[in-house]
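# Breakdown of the fold
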Amino acid sequence: MPGSTAPPAGADTLRVEAPVTLKAYLMCVFAAFGGIFFGYDSGYIAGVMGMDFFIKTIEGPDAIVLPAWKKSLITSILSAGTFFGALAAGDLADWIGRKITVILGCAVFIVGVVLQTASESLGLIVAGRLVAGFGVGFVSAIIILYMSEIAPRKIRGAIVSGYQFCVCVGLLLASCVNYGTQDRDDSGSYRIPIALQMAWALLLGGGLACLPESPRFFVRKGELEKARVTLARLRDQPTDSEYIRDELAEIIANHEYETSVAPVGGYWSAWMICFQGSLFTSSSNLRRTILGTSLQMMQQWTGCNFVFYFGTTFFQQLGTISDPFLMSLVTTLVNVCSTPIAFWSMERIGRRPLLIWGAAGMVVCQYIVAIIGTVKPDDDNCVKAMIAFICIYIFFFATTWGPGAWVVIGEVFPLPMRAKGVALSTASNWLWNCIIAVITPYMVDTDKGNLGPKVFWIWGSLCACCFLYAFLLVPETKGLTLEQVDQMLNETTPRTSARWVPHSTYAGGEKAEKSVQHHEEKVASSGSDGDSQV
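If you're wondering where the values come from, they're calculated on a predicted model, not measured in any experiment. (Residues numbered from 1 in each chain as written. Predicted model: local features only at pLDDT ≥ 70, side-chain atom pairs only at ≥ 80, totals over all residues. Heavy atoms only, no water.)

## Thoughts on empty space enclosed by the protein
One pass over the structure, following the stated rule, counts five cavities of 30 Å³ or more. Here the largest cavity defines a volume of roughly 150 Å³. Taken together, 13 residues make up the lining of the largest cavity; nearest its centre are Phe-38, Gln-164, Val-167, Cys-304 and Asn-305. Of all the elements in the fold, those that place two or more residues in the lining of the largest cavity are helix 2 (34-48), helix 7 (156-181), helix 14 (285-301) and helix 15 (304-318). Residue composition of the lining of the largest cavity, grouped by class: seven nonpolar, six polar and no charged. The volume enclosed by the second largest cavity comes to roughly 100 Å³. Residue lining of the second largest cavity: 13 residues in total, with Gly-43, Ser-175, Asn-178, Thr-312 and Ser-328 positioned closest to the centre. Among the elements that line the lining of the second largest cavity, the one with the most residues is helix 7, at four residues. Of the residues contributing to the lining of the second largest cavity, the split by class is six nonpolar, seven polar and no charged. (1 Å grid on protein atoms, 1.4 Å probe; cavity = no way out; pocket = protein on both sides within 12 Å on 5 of 7 lines; lining within 4 Å. Points joined across faces, edges and corners; volume = space filled by probe spheres on them. Helix = DSSP H or I, 4+ residues; strand = E, 2+ residues; numbered from the N terminus. Nonpolar A, V, L, I, M, F, W, Y, C, P; charged D, E, K, R; others polar.)

Below, the structure is given as C-alpha cells:
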C-alpha cells in the first residue's frame with residue numbers, strides 16, 4: 001500500500017514453506033471435492049426442465065414445454081439464494097472457522113434438496129432451490145478460501161483448478177443421471193437427479209470434518225498453538241520443524257503488517273476495510289475488492305452457463321438435433337476432459353496469460369457460431385459446425401477462465417479481509433449467474449426474443465471485454481505464497497507483475513521467533529477485546 005513500510009530485506013524467500021508431501025497434497029485435494037457439489041446442482045436443472053414428466057407435473061397434462069418465466073424462475077432462484085449465502089459466509093468464516101462454515105453449508109443444502117425432492121408443484125421446488133442456494137453460497141465462497149489458505153504455493157493453482165475440474169465432473173454426472181432418467185414416466189425422472197445431490201453434500205461435509213482448520217484462521221484469532229499444530233499437520237512436518245516455524249512466523253508477520261496499515265475494528269468496520277484505499281492504486285483494498293468481484297462477473301459474461309443451464313433446451317430449439325440430451329452430455333464431457341490441462345498450465349504458464357488468451361479464443365469461437373447461426377441456421381452441416389465450435393469454446397473456457405477466476409480471487413486478498421473479500425467475489429459470481437439465468441430464456445426462447453444461435457454475438461462481444469479486462473487489470477500470482485502475493489501487489493502493476501520476484505519476507509530470518517512471541521504477547525494483552533474484533 002502506498003506510504004507503508006516495506007517488509008525487511010535479506011531473508012530467505014525460498015524457505016517460507018515446507019516441501020510438498022503426498023499426505024499434504026491429498027488433504028488439499030479432498031477440499032476440491034466441493035466442486036462436484038456445486039457442479040451437479042448447476043447441471044441437473046437443465047435436463048430436468050426438458051423432461052416430459054416434470055413439465056406435465058408443473059404445467060399440466062397437456063403441456064409440452066415450460067414457459068420462459070418459469071424456466072427463468074426455477075433456474076435463477078438458486079443463484080439468488082447463493083448470493084446471500086456467500087455474503088453471510090464471509091462473517092461465519094471469520095467467526096466459527098472456514099471448515100465449520102462449509103460443513104454448515106452442506107447441512108443447509110440437504111434441507112433444500114429434501115424440499116425439492118418432495119415437490120410436486122412450482123412453489124415447493126422454488127422454495128427448495130432457494131434454501132439449497134444458501135448452502136451452495138456457503139460452500140462455494142469458503143471452499144475456495146479454505147483451499148487457498150491450506151495449499152502450498154507450488155500447487156495452489158493446481159489445487160484450486162481441481163475445484164473447477166470437480167465442478168465439471170459434477171456437471172457431467174448430472175448430465176449422465178438426466179440422460180438415464182429422462183424417459184421414465186413417473187416422478188423418479190426428476191426426483192432421482194434431485195435426490196442424488198444429498199450424497200455429494202454428505203461426502204463433502206463428512207470428509208471435511210476429518211481435515212484440519214486453516215492455520216491462517218487461528219492466526220487471525222490469536223490461537224498460535226492451534227495454528228502451529230494445524231500447519232504441521234497440513235505440511236506433514238513435526239511441530240518444531242524450522243519450516244513450520246518460518247512459515248508460521250511469515251503468516252503472523254504479514255497479518256500484523258496488514259492490521260497495522262488498516263486496523264480491524266467492529267463488525268461494520270471489518271466490512272468497510274474491503275473498500276479502503278484509492279481506486280487508482282493497484283494494491284489498495286478497494287482495487288482488490290473490485291478485482292475479485294469484477295473477475296467473477298467477467299467469468300459469467302463468458303456465457304458458460306448459457307450452455308450448462310440451457311444447453312438441452314437450446315439444442316431442442318435448433319430443431320435439427322435428434323437427441324438434445326446426448327448433445328448436452330457431449331458438451332459437458334468436453335468441459336470435464338479439458339479442465340485437467342489447467343492443473344499444469346496454471347503453474348507453468350501462469351494465471352494472467354491464460355485469462356488473456358483464453359478470452360481471445362472464446363471470442364473467435366463464439367463469433368463463428370454467431371455467423372453460422374445467422375447465415376445458415378437450418379442447414380444440418382452448418383449446425384454440426386456450430387456444435388464443433390461450441391465445444392472448442394468450452395475447451396478454451398475450461399482451461400482458462402473456468403479455473404483461473406477462482407484461483408485469482410483466492411490469492412489477492414490480505415488475511416484481515418480475505419474471508420470477506422472472497423465472499424464478496426463469490427457473491428458477485430452468483431449475482432451475475434442469477435441475472436443471466438433470468439434474462440437468457442427471454443433472449444432465446446421462440447415465443448420471446450427468439451435469438452437462437454444469434455445470442456453468441458452477445459457472448460462473443462462480452463468475451464472481448466474479458467480480453468481487455470485481463471490485459472489491463474489481472475496480475476500474475478503464480479509461484480508465490482499468499483504473503484508474497486500481498487507484497488507483489490504493493491510493488492508492481494498488473495502489467496509488470498509477471499517480472500516480480502520475492503526479495504524479502506515480512507518476518508525476516510532471525511525475526512521468526514520474535515514475530516511469534518510478539519503476536520502472542522499482543523493477543524494476551526488484548527484479552528477479550530481481541531475476540532470481539534474477530
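The rest of the description comes next.
## Remarks on the packing of aromatic side chains
As enumerated under the stated definition, the model contains 14 aromatic pairs in all. On the basis of an interplanar angle of 40° and a centroid distance of 6.0 Å, the ring pair of Phe-306 and Trp-459 is categorised as tilted. Of the two residues, Phe-306 is situated in helix 15 and Trp-459 in helix 22 (residues 455-473); the sequence distance between them amounts to 153 residues. The class for Phe-306 is buried, based on a relative accessible area of 2%. Between Tyr-367 and Trp-457, the ring centres sit 5.6 Å apart and the planes meet at 45°, which makes this aromatic pair tilted. Within this pair, whereas Tyr-367 is found in helix 18 (residues 351-375), its partner Trp-457 is found in helix 22, the two being separated by 90 residues in sequence. Judged by its relative accessible area of 36%, Trp-457 is partly exposed. One aromatic cluster in this structure is built from Tyr-40, Tyr-44 and Trp-200. (Phe/Tyr/Trp six-rings, centres within 6.5 Å; stacked < 30°, edge-to-face > 60°. Buried < 20%, exposed > 50% of the residue type's maximum accessible area, 1.4 Å probe, protein only.)

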